[in-house]
Amino acid sequence: MYDPSQLRTFLAVAQTLSFTQAARRLGLRQSTVSQQVRRLEDTTGRQMFSRDTHSVELTEDGEAMLGFARRILEVHEQATAFFTGTRLRGRLRFGASEDFVLTRLPEILEAFRYDHPEVDLELTVELSGTLHERLAAGRLDLVLAKRRPEDRRGELVWHDRLVWIGAERLRLDPDRPVPLIVYPPPGITRALALEALESQGRAWRIACTSGSLNGLIAAARAGLGVMAHSRGLVPPGLVRVPERAGLPELGEIDFVLAHGPRQGPARTAAQALAGAILAAGDRLHRR
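Here is a short report on the structure shown in this document. (Residues numbered from 1 in each chain as written. Predicted model: local features only at pLDDT ≥ 70, side-chain atom pairs only at ≥ 80, totals over all residues. Heavy atoms only, no water.)

## Topic: the overall build of the protein chain
Move 1: The helix and strand inventory of the protein chain stands at nine helices and 11 strands.
Move 2: Compactness check: the protein chain gives a C-alpha radius of gyration of 20 Å against a globular reference of 19 Å for 287 residues, within 12% of the reference.
Move 3: When the backbone C-alpha atoms are referred to their principal axes, the protein chain occupies close to 65 × 45 × 30 Å.
Move 4: Within the protein chain, the proportion of its 287 residues that are buried is 47%.
Move 5: Taking all contacts inside the protein chain whose residues are at least 6 apart in sequence as the whole, residues at least 24 apart take part in 77%.
Move 6: Taking the average location of the 39 positive side-chain charges in the protein chain and that of its 35 negative ones, the two points are 2 Å from each other. (Helix = DSSP H or I, 4+ residues; strand = E, 2+ residues; numbered from the N terminus. Rg over C-alpha atoms; globule rule 2.2 N^0.38 Å. Buried < 20%, exposed > 50% of the residue type's maximum accessible area, 1.4 Å probe, protein only. Contact = heavy atoms within 4.5 Å. Lys, Arg positive; Asp, Glu negative; His and termini not counted. Charge placed at Lys NZ, Arg CZ, Asp CG, Glu CD.)

The following block contains the structure:
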């Protein structure tokens, strides 16, 4: 009843909330993406997206289709692999940024291990900047991490905005430097936070530095300061800092998959894991 190619296109649009970005990810023309979504809507008799010239949002039926589309594509891929006799093997060095510590990424990796038991998956959790450096040095095969919007490396998983977050009871004194909770260099959110404050001419101080997301969250929950974080990944117990605090806009951020230079079994396994992450990308940031 449902065409897998249409479901993949639907998921790409749902995860990026952009027909343009989905077209780039899939290597299709934007008109083709619109046509496939329209055909899926014709098949279901339901509207998947509400859209205007400025935004794209999932409808209630679109939210329901997310789970169905993922499961249909998972079974489709399993059946294809079974009947074609393809079995992935080899060592796959996968790096994920600290941002995904509290998401459902472990569920995606568990399903991948179940489908491909002969792949030796090695996971590295680090700062996005560090992961990109290791990938360039040939020490990783696939990376799921942040990039700046002007950076073109990698395949877009989803596009988001950075926001200021902190404890709900935290109050910032406008006459004192902004207390910051940050990753150490080369943290991308650290750099963007400092750039935004300096462009505003706002004084700041480092209240906490940690390479662990859990460490940053603990400091923020204790009310030590504010941190820049993806809007779609705000941890439990923390809230967005209200606009009346006068903090500068932080801009946008992309989460991408980037491949290393290795060929052979590692490349094939990396492509399979990348496909699984792209198919389930909305599970990483939707609660």
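Moving on, there is more to tell.
## Points about the packing of helix α1 (residues 4–16) against helix α2 (residues 19–26)
Move 1: Between α1 and α2, whose axes approach to 8 Å, the crossing angle comes to 130°. With respect to their mutual orientation, α1 and α2 come out oblique. Seen from above, α1 lies across α2 with right-handed handedness. Residue-level contacts link Arg8, Thr9, Ala12, Val13, Gln15 and Thr16 of α1 to Phe19, Gln21, Ala22, Arg25 and Leu26 of α2.
Move 2: Counted by class, the contact of α1 with α2 contains five nonpolar, four polar and two charged residues. (Axes fitted to C-alpha atoms, helices over the stretch in contact; angles between N-to-C directions. Parallel < 35°, antiparallel > 145°, perpendicular 65-115°, else oblique. Left-handed = near helix turned anticlockwise from the far one by under 90°. Nonpolar A, V, L, I, M, F, W, Y, C, P; charged D, E, K, R; others polar.)

As far as function goes, none of this settles anything; it's purely spatial.
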